[in-house]
Amino acid sequence: MSRFLSAERRALTPYTPGEQPRGAKLIKLNTNEAPFPPPQSVVDAAANAAQRLNLYSDPEGTALRAALAAYHGVSPENISLGNGSDETLAFAFAAFGGAESAFAFPDVTYGFYPVFASLYNIPYTEIQTDLSLKIRTEDYIELGKNIVLANPNAPTGETLPIDDLARVAESNPENVVIIDEAYADFWGETAIPLTAKYENLLVTRTYSKSRFLAGARLGYAVGPAELIHDLETVRYCFNPYNLNSMTLAAGAAALGEDAYYKARWSEITAARDYTQNALRGLGFETTDSKANFVFARHADVSGAELLAGLRKRGFLARALGRERARDRLRITVGAAEQMRAFIGAVEDILRARKELS
Ligand code: PMP
């Protein structure tokens, strides 16, 4: 830290992203990326757009917002684009949070929420999940704070019924309720239709997981025009050209490839259910994940030991969760054959351990 870092920034604890090894032949099950490439039409659209990189990108993202609006059955004025949904979430914290406008979110959830709150000096409350790490809807009824809930939640993959989210929005009319749907495509349900009914409800989405475009950095919010206008105000105060032309083109092309994506989502969710069941059979406790990852803990083997054993066998996973959720592994679901190999590696770790004892 230099002596110039401002007093307000000294206490920041930044978010730590998962490892992105270069070169090493590791199977990456650590950052919830897809094991499949994007469709060729998406790659082609980005390559075409690259020919016009001498020009600034469209600050309004007109074509992509129109395509997203048609896809979700809303209007372009209901969509705000971000450089990854992390940026959209950051804009939302900046827009709706403040010294007098606190945020609340679960204690076991996406680790970036407290970081955004700290960056903008927003007071926040972490509300305990129940003993099985599930969010209790009742804790958020008439809370009187801005709320952010990931649904499916991360890193548990557990879901709340959409009706419960409606009750949360309805009972907090003076505050904004943000539903982070980074993983919703793997589950198949969404709160987007509710944004037509509740003026305080915002949904964020990403292309990183279910559109296989993590490296393109593309996210967006869907919500009532006035909330979107507020996000756009922050965006124009920060970087009107927050999305590059290649990403804008790729994002629109991806929406025309639903058949490809849906077939792959089925493969991923089948591999998830296989992995979850196989781990339970090997003595793991797991949450009931509806996302593209599983969250698991072994009764006898620590998360650190499992991570080290997996790495030796060529697999990267991630240890996540603070306090009550400590010592669990979040394992991204890859392709079916990768998950069979992963379960083989776990069996091998448990076998080697038994032989030693
Ligand atoms: N929300 C949740 C719950 C996530 O797990 C992630 C991925 N780390 C994000 C948002 C952000 O994803 P991105 O910025 O790649 O869109």
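Given the structure is predicted, the values throughout are model-derived calculations rather than measurements.

Asker: Even after reading the chapter, I still don't get the site of the ligand, so can you show me in this structure?
Answerer: In the region of the ligand, the neighbouring residues are Gly84, Ser85, Asp86, Tyr110, Ala154, Asp180, Ala182, Tyr183, Thr206, Ser208, Lys209 and Arg217. Within the contact set of the ligand, a nitrogen atom lies 3.1 Å away from a side-chain nitrogen or oxygen of Tyr110. Side-chain polar atom of Arg217 to an oxygen atom of the ligand: 2.8 Å apart, as the coordinates give it. Taken by itself the ligand offers 400 Å² of open surface, and the protein chains cover 91% of this. Counted by class, the shell around the ligand contains 4 nonpolar, 4 polar and 4 charged residues.

Asker: Looking at this model, I keep getting lost on the packing of aromatic side chains. Mind explaining?
Answerer: Any two aromatic rings considered together are summarised by their centre-to-centre distance and by the angle between their planes. Within the structure shown, the criterion is met by 20 aromatic pairs. Their ring planes at 45° and their centres at 5.9 Å tell us that Phe36 and Phe212 sit as a pair that is tilted. Placement of the pair is Phe36 in the loop between β1 (27-28) and α1 (40-50) and Phe212 in the loop between β7 (201-206) and β8 (219-222), with a sequence separation of 176 residues. Judged by relative accessible area, Phe36 falls into the buried class, the value being 15%. Residues Tyr110 and Tyr113 carry aromatic rings whose centres are separated by 5.5 Å and whose planes lie at 90° to one another, so their mutual orientation is edge-to-face. Exposure remark for Tyr113: the relative accessible area of 0% places this residue in the buried category. Stacked on the ring of Phe293, the Lys or Arg Arg330 has its end atom at 5.9 Å from the ring centre.

Asker: How should the packing of helix α3 (residues 85-96) against helix α6 (residues 225-238) be read in this particular structure?
Answerer: When two helices pack together, their arrangement is captured by the angle between the axes and the distance separating the axes. Contact geometry of α3 with α6 gives a least axis separation of 9 Å together with a crossing angle of 105°. Judged by the inter-axis angle, α3 sits roughly perpendicular to α6. Of the residues in α6, those touching α3 at Glu87, Thr88, Phe91, Ala92, Ala94, Ala95 and Phe96 are Leu227, Asp230, Leu231, Val234, Arg235 and Phe238. Looking at the contact of α3 with α6 residue by residue, the class counts come to 9 nonpolar, 1 polar and 3 charged.

Asker: Quick question: what am I supposed to make of unusual backbone geometry here?
Answerer: Both trends apply: most residues other than glycine have a negative phi, and most peptide bonds are in trans. In this model, Asn151 is joined to Pro152 through a cis peptide bond whose omega is 0°. Tracing the sequence through the fold places Pro152 in the loop between β5 (146-150) and α5 (162-171). Cis geometry is adopted by the peptide bond preceding Pro155, which originates at Ala154 and carries an omega value of 5°. For Pro155, the position within the fold is in the loop between β5 and α5. Non-glycine residue Asn32 carries a positive phi angle of around 60°.

How each quantity is defined
Residues numbered from 1 in each chain as written. Predicted model: local features only at pLDDT ≥ 70, side-chain atom pairs only at ≥ 80, totals over all residues. Heavy atoms only, no water. Near = heavy atom within 4 Å. Polar contact = N/O pair within 3.5 Å; in protein donor to acceptor, adjacent residues only side chain to side chain. Areas by Shrake-Rupley, 256 points an atom, 1.4 Å probe, with all protein chains shown as cover. Nonpolar A, V, L, I, M, F, W, Y, C, P; charged D, E, K, R; others polar. Phe/Tyr/Trp six-rings, centres within 6.5 Å; stacked < 30°, edge-to-face > 60°. Helix = DSSP H or I, 4+ residues; strand = E, 2+ residues; numbered from the N terminus. Buried < 20%, exposed > 50% of the residue type's maximum accessible area, 1.4 Å probe, protein only. Lys NZ or Arg CZ within 6 Å of the ring centre and 35° of its normal. Axes fitted to C-alpha atoms, helices over the stretch in contact; angles between N-to-C directions. Parallel < 35°, antiparallel > 145°, perpendicular 65-115°, else oblique. Contact = heavy atoms within 4.5 Å.

The analysis is restricted to geometry; functional conclusions fall outside its scope.
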